[in-house]
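Chains, contacts and geometry: an overview
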Amino acid sequence: MTVIQAQNTNSGLSETHNDHNERHYHELTAPTPAKRTPLPKFQLFIVAMLQFSEPITATVIYPFINKFVRDTGVIQGDERKTGFYAGIIESMFFAAEALTVVYWGRASDYFGRRPILLIGPVGLALSMVGFGLSTNYWSLVVFRCMQGTFNGNIGVSKVVVAETLPSAVLRKKKRIVGKEQRATPDCTTSLLSGNNEQGYYSTTSTTSTIETAEPEDDLKDLVPPPLLSLLTPPVQLTLLIHGFMSFSEMSLQVLQPLIYSTSISLGGLGFDPKRIGLIMGTWGVVNIFFTLTCVPMLLQKFGARKIQILTHLSFASTLALYPILSYLVRRAGGADALVWAVMIIQLTFALITSASYGKSPDYSTEQYR
């Protein structure tokens, strides 16, 4: 009996010891959970505020610009000319921005990101003050061009976002056979090079690893490739689609306050700047929540290609509702409940158009389903 009890005791101790060893083995071999790399939130917040100034200065004049143009006397009492002269002011911003964005990027490569980012807001503030104090039409045009010029550094701020991200995100090293690709510091190159393997930089040299490098290191001595060499057919197609989309979207945005502010007798809605600003501001707030909540789900479910097709259908639907609004306002003599219902439908279509900016199509890298 004693022998059996001893054997049972030894067996229990052996099983306990084996269980302990097994648990210890699993603890040693279990994968350690990956630690999340903390983001430099304050730096990203500063850059986000710099980027936020671009859409604000681009669109803040829309509710009142048509009345502003009429008050300068340039239309000589002919309200039908308002759209032409207001369109010049509105388009000068984007023309100046498009013509200077590449040169701001080149300047940031040679003089640093910070000076260029600081020059933009200072110049933008001065040009906005000058625009608001102007009483002459052509001075409005000049200050509007200055606003677009100083907003040309919007591309630099996007590159700063990438450079501010933790090294775990950007400086990935991957082994490949017989090649090393290192990043050039050129800002404009990185903007047009698409999503490559090492992040946002373009590539130049070769050995045995892929790694990125900071713009402040010895890569500053490298000569960036010519801009035209980056405009490959896939990149050209991507830029063409994005350019057409942006042109269509901005055309509808400037058409909206023009029709809202035009007299009912001329086919408009006869709204004052205060009501126009309230409508556009409310739509902007709703658009923010829609972009943050619904757009990611739509992109994940349908893909960028289908969203692009839906966007252009929404452009056409939004534009087609303007004649209907004009007819309903003329028939009712003002904005009644039916007019507001059609406006809400139209603004809903306009929400869909903003979804295309959630993920611009990149035909050089993405395979659409």
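Here's what I pulled together on the structure shown here. Keep in mind that this is a model prediction, so the values were computed, not measured. (Residues numbered from 1 in each chain as written. Predicted model: local features only at pLDDT ≥ 70, side-chain atom pairs only at ≥ 80, totals over all residues. Heavy atoms only, no water.)

1. Details of the overall build of the chain
Each helix and strand counted, the chain has 13 helices and three strands in total. Of all 369 residues assigned to the chain, the portion counted as buried reaches 38%. (Helix = DSSP H or I, 4+ residues; strand = E, 2+ residues; numbered from the N terminus. Buried < 20%, exposed > 50% of the residue type's maximum accessible area, 1.4 Å probe, protein only.)

2. Regarding a nonpolar patch on the surface
On the surface, a cluster of nonpolar side chains totalling about 680 Å² of accessible area is made up of Phe42, Phe45, Ile46, Met49, Phe52, Ile56 and Val60. Considering the arrangement of structural elements, one finds Met49 in helix 2 (residues 41-59). (Patch = residues over 30% accessible without salt bridge, like charges linked within 9 Å, V, L, I, M, F, W, Y side chains within 5 Å. Areas by Shrake-Rupley, 256 points an atom, 1.4 Å probe, with all protein chains shown as cover. Salt bridge = Lys/Arg side-chain N within 4 Å of Asp/Glu carboxyl O.)

3. Considerations on the pattern of salt bridges
Enumeration over the complete set of coordinates arrives at four salt bridges. Note that Asp78 is salt-bridged to Arg80, the shortest N-O span being 3.1 Å. With its nearest N and O atoms 2.9 Å apart, the salt bridge here joins Asp109 to Arg113. Take Asp109 and Arg113: they sit in the same class, and that class is buried.

4. Topic: the environment of Asp272
Here Asp272 shows up in the loop between helix 11 (233-261) and helix 12 (273-332). Put simply, Asp272 and Lys67 are 205 residues apart on the chain and 8.6 Å apart in space, counted from C-alpha to C-alpha. For Asp272, the side chain forms a polar contact with the main-chain nitrogen of Arg275, separated by 2.9 Å. (Polar contact = N/O pair within 3.5 Å; in protein donor to acceptor, adjacent residues only side chain to side chain.)

5. Structural notes on the packing of helix 2 against helix 4 (residues 82-111)
Running from N to C, helix 2 and helix 4 point in directions that differ by 145°, and their axes come no closer than 9 Å. Taken together, the residues of helix 4 that come into contact with helix 2 (itself represented by Glu54, Thr57 and Ala58) are Phe93, Phe94 and Glu97. Class assignment for the residues of the contact of helix 2 with helix 4 results in three nonpolar, one polar and two charged. (Axes fitted to C-alpha atoms, helices over the stretch in contact; angles between N-to-C directions. Contact = heavy atoms within 4.5 Å. Nonpolar A, V, L, I, M, F, W, Y, C, P; charged D, E, K, R; others polar.)

6. Quick word on the nonpolar core
Residues Val69, Ile89, Tyr260 and Met343 are the most contacted members of the largest nonpolar core, which totals 39 residues. Considering each element in turn, this core owes the most residues, 13 residues, to helix 12. Sequence-distant contacts of Met343, defined by excluding residues within four places in its chain, comprise Tyr260, Leu269, Phe271, Ile279 and Leu325. Within the second largest apolar cluster, seven residues are counted, among which are Ala107, Ile116, Leu117 and Val160. (Core = buried A, V, L, I, M, F, W, Y, C linked by side-chain atoms within 4.5 Å.)

7. Brief notes about empty space enclosed by the protein
Here the structure, examined in full by the defined rule, presents two cavities of 30 Å³ or more. The calculated volume of the largest cavity comes to roughly 80 Å³. Considering the residues around the largest cavity, the lining is formed by Leu50, Ser53, Glu54, Leu117, Gly120, Pro121, Phe150, Asn151, Asn153, Ile154 and Ser157. Mapped by element, the contributors of at least two residues to the lining of the largest cavity are helix 2, helix 5 (113-133) and helix 7 (154-164). Its residues assigned to classes, the lining of the largest cavity shows five nonpolar, five polar and one charged. (1 Å grid on protein atoms, 1.4 Å probe; cavity = no way out; pocket = protein on both sides within 12 Å on 5 of 7 lines; lining within 4 Å. Points joined across faces, edges and corners; volume = space filled by probe spheres on them.)

8. Things to note about helix 6 (residues 137-150)
Between its first and last C-alpha, helix 6 extends 20 Å over 14 residues, near the 20 Å set by a 1.5 Å rise per residue. The complete set of buried residues in helix 6 reads Tyr137, Leu140, Val141, Arg144, Gln147 and Gly148. Buried residues of helix 6, viewed axially, fall in a sector of 120°; they line one side. Against the buried residues of helix 6 lie helix 2, helix 3 (62-72), helix 4 and helix 5. By the N-cap criterion, in which a side-chain oxygen at the helix start approaches the backbone nitrogen of a residue two or three places on, helix 6 is capped by Asn136, the distance to Trp138 being 2.9 Å. (Expected span 1.5 Å × (residues − 1). Arc of directions from axis to C-beta.)

9. Observations concerning unusual backbone geometry
Non-glycine residue Gln76 carries a positive phi angle of around 55°. Along the chain, Gln76 falls in the loop between helix 3 and helix 4. Residue classification places Gln76 among the exposed positions, given a relative accessible area of 67%.

10. Side note on the layout of surface pockets
When its volume is computed, the second largest pocket comes out at roughly 340 Å³. Around the second largest pocket, the lining is made up of 13 residues, and of these Val47, Arg114, Leu117, Val160 and Thr164 lie nearest the centre. Sorting the residues of the lining of the second largest pocket by element identifies helix 2, helix 5 and helix 7 as the ones contributing at least two each. Each residue belonging to the lining of the second largest pocket can be placed in one class, and the counts come to six nonpolar, three polar and four charged.

11. Comments concerning the environment of Gly155
Relative to the helices and strands, Gly155 is located in helix 7. By relative accessible area, which is 8% here, Gly155 ends up buried. As a C-alpha pair, Gly155 and Trp104 span 51 residues in sequence and 8.0 Å in three-dimensional space.

12. Quick notes on the packing of aromatic side chains
All told, the structure shown has eight aromatic pairs when counted by the stated rule. Taking the centre distance of 4.9 Å and the plane angle of 80° together, the rings of Tyr137 and Trp138 count as edge-to-face. Look at Trp138 and you get exposed, because its relative accessible area is 52%. Among the aromatic residues, those joined into a cluster by ring pairs are Phe84, Tyr85, Tyr137 and Trp138. Between the NZ or CZ atom of Arg275 and the centre of the ring of Phe271, over which it lies, the distance is 4.9 Å. (Phe/Tyr/Trp six-rings, centres within 6.5 Å; stacked < 30°, edge-to-face > 60°. Lys NZ or Arg CZ within 6 Å of the ring centre and 35° of its normal.)

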